[in-house]
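Residue-level structure breakdown
Chain residues, written in single-letter form:
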Amino acid sequence: MSVKFQDYYETLGLDRNATDKEIKAAYRKLARKWHPDLHPAAEKKEAEEKFKKINEAYEVLKDPEKRERYDRLGSRWKDGQNFQGGPDMGEARYYSTGDFGTGGFEGSFEGGFSDFFSAFFGGGSPGTGRSGRTAQRGPVKGEDLESEIKLTLEEAYRGGTRSIRLSSSAICPECSGTGTRERSFCARCGGTGTIPDEKTLDVKIPAGVKEGSRIRLKGQGGSGLGGAPKGDLFLKVRLQSHPVFRLKGDNIEIDAVIHPDQAVFGDKIPVQTLDGNVNVKVPPGSRHGNKLRLRDKGYPGKNSVRGDQLVRLVIDIPADLSKDEKELYKKLYELRKGGK
Ligand SMILES: [Zn+2]
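Procedures and definitions
For every chain, the first residue of the written sequence is number 1, and numbering continues from 1 onward in sequence order. Where totals are concerned, whole chains, interfaces and linings use all residues; where local detail is concerned, this predicted model gives features only for residues with pLDDT of at least 70, and gives and counts side-chain atom pairs only at 80 or more. Computation of side-chain values covers all heavy atoms of the structure but excludes hydrogens and water. Helix and strand definitions follow DSSP, with helices as H or I runs of at least four residues and strands as E runs of at least two, each counted in order from the N terminus. To estimate the expected span of a helix, subtract one from its residue number and multiply by 1.5 Å. Bend at a residue means the angle formed by two fitted axes: the first through the 7 residues ending at that position, the second through the 7 residues beginning there. Working definition: with a 1.4 Å probe on protein chains only, accessible area under 20% of the residue-type maximum means buried, over 50% means exposed, and in between means partly exposed. Pairing between strands requires that DSSP locate at least two bridges from one strand to the other. The contact criterion used throughout is that any non-hydrogen atoms of two residues lie within 4.5 Å. Salt-bridge detection follows one rule: a side-chain nitrogen of Lys or Arg within 4 Å of a carboxyl oxygen of Asp or Glu.

Attention now goes to helix α3 (residues 41-61). If you check α3, its first and last C-alpha atoms are 30 Å apart, about what 21 residues at 1.5 Å a residue would give, namely 30 Å. Where α3 bends most, the angle comes to about 30°, and this point is Ala-47. Of the residues making up α3, those classed as buried are Lys-44, Ala-47, Glu-48, Phe-51, Ile-54, Asn-55, Glu-56, Ala-57, Tyr-58, Glu-59, Val-60 and Leu-61.

What follows covers the pairing of strand β14 (residues 291-294). Of the two faces of β14, only one is covered, namely that formed by Leu-292 and Leu-294; the face formed by Lys-291 and Arg-293 stays uncovered. In this sheet, strand β15 (residues 309-315) lies alongside β14 in antiparallel orientation, the contact comprising four bridges. Across the sheet, the residue bridging to Lys-291 is Arg-312, located in β15.

Our next topic: the environment of Leu-14. Tracing the backbone shows Leu-14 in the loop between α1 (8-11) and α2 (20-34). C-alpha separation for the pair Leu-14 and Tyr-27, spaced 13 residues apart in sequence, amounts to 9.9 Å. Once residues within four sequence positions are removed from consideration, Leu-14 is found in contact with Tyr-9, Glu-22, Ile-23 and Ala-26.

Attention shifts here to the pattern of salt bridges. If the charged atoms of two oppositely charged side chains come close together, the side chains can form a pair. Enumeration over the complete set of coordinates arrives at 23 salt bridges. The partner of Asp-144 in a salt bridge is Lys-141, and the shortest N-O contact between them spans 3.6 Å. Residue Glu-253 pairs with Lys-291 through a salt bridge whose shortest N-O separation is 3.4 Å. Of the two residues, Glu-253 is situated in strand β11 (residues 251-258) and Lys-291 in strand β14; the sequence distance between them amounts to 38 residues. Overall, the relative accessible area of 8% leaves Glu-253 in the buried class. Within the structure, one salt-bridge network assembled from shared partners comprises Arg-246, Lys-248, Glu-253, Asp-255, Lys-291 and Arg-312.

This part is about the pairing of strand β13 (residues 276-282). Judged from the seven bridges that link them, strand β12 (residues 267-273) and β13 form a sheet pairing that is antiparallel. Residue pairing across strands places Lys-268 opposite Lys-281, the latter belonging to β13. Linking two consecutive strands that pair antiparallel, namely β12 and β13, is a turn of two residues.

Following this line, the structure appears as C-alpha cells:
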C-alpha cells in the first residue's frame with residue numbers, strides 16, 4: 001500500500017522545532033480561516049479540504065506521542081519516497097480521544113482523516129473494515145461567531161433595539177450534517193453538510209455602548225453537534241464617524257460658527273448635543289478656537305459618569321452680508337486703517 005505522505009508541519013506553516021504553543025496558535029488561526037461554515041457555498045469545497053488537512057495535522061502534532069512517532073518517519077520520506085505502510089505499521093494504534101472542544105473548532109466538522117493518517121496511526125484504512133478513525137465524538141457545543149454592528153453615535157448613546165440581518169450556515173437537517181444520504185451526496189446541501197441560513201435578529205443595544213465592545217447574542221452562533229447547545233454570536237460595536245460630533249475619550253467636541261460681531265459682544269447660540277439643542281453663552285471678546293465646556297454633556301464613561309462637551313468657536317463672516325452690513329464693515333475697515 002503506497003500512501004501519499006502528509007507534511008503536517010507544512011500544513012500548519014510551522015518549522016519542525018515548533019513549540020506546542022506555536023502549534024496550537026497556528027492551528028487556531030488556520031482553523032478559523034478555513035472553517036467551512038465561514039465560507040460561501042462556492043468556496044466551501046476548498047475550505048473543507050483545507051480544514052480537514054489542518055485538523056489532521058493538529059491531531060498529530062498536538063499529541064507528543066503521535067508527533068514523536070511522526071517525526072521519526074522523517075528520514076524515510078525526505079528521500080522523496082512515499083510512505084510505505086504495512087501490516088507491521090499497525091502495532092501501535094492511536095485513536096482520536098474525543099478530546100474535542102478545546103480548540104473550539106474540532107468536531108464541528110465531520111471530516112475523516114487521510115489514508116496516510118490511517119495507515120500510520122492505525123484506526124482503519126479504507127477497506128480494512130475497521131473504522132477507528134471515526135472517533136466517538138460526544139456532544140460539542142457550537143462555535144462562537146463574531147460579526148460587527150455599525151452604530152451612529154446617537155444610536156449607541158441611546159441604546160435600544162436594532163434589527164440586523166444575519167447570513168450564516170446551519171447544519172443540513174436532511175443529512176444531519178454528514179453530507180450523505182443513502183450512500184449518495186445529500187441533494188439538499190450538495191454534500192457539504194450545511195445549508196445557508198438567513199435570519200433577522202432584534203439586537204438589544206445597551207445605552208452608552210462603547211466602540212469596540214462586544215454584544216453577546218446567546219445561542220446565535222454555530223450549531224452544536226449531538227444535541228449540544230449552539231454557540232454565541234458576538235457583535236463588535238463600530239461607531240460610525242459623526243458629521244458634527246467628534247468623540248474624544250468620553251468628551252464630545254463640536255465646532256460652532258459665530259460671526260465677528262458675536263465674538264466681540266458675546267451672544268447666546270444654539271448648540272447641538274446628544275440630548276438635543278441647548279443655548280450656550282458665548283462670552284464677549286471670544287477668540288477663534290476658544291473652547292466652551294458643557295459639563296456632563298459628553299458620552300457616558302465609567303460608572304455612567306458622562307464626559308463633557310467642548311464647543312470650539314469658529315469665527316466666520318456671514319455668507320449673505322447685506323448692503324448695510326457691508327457699509328458698516330467698510331467703516332470699520334477704514335477706522336482701523338486710519339487709526340494706525
Ligand atoms: Zn445535507
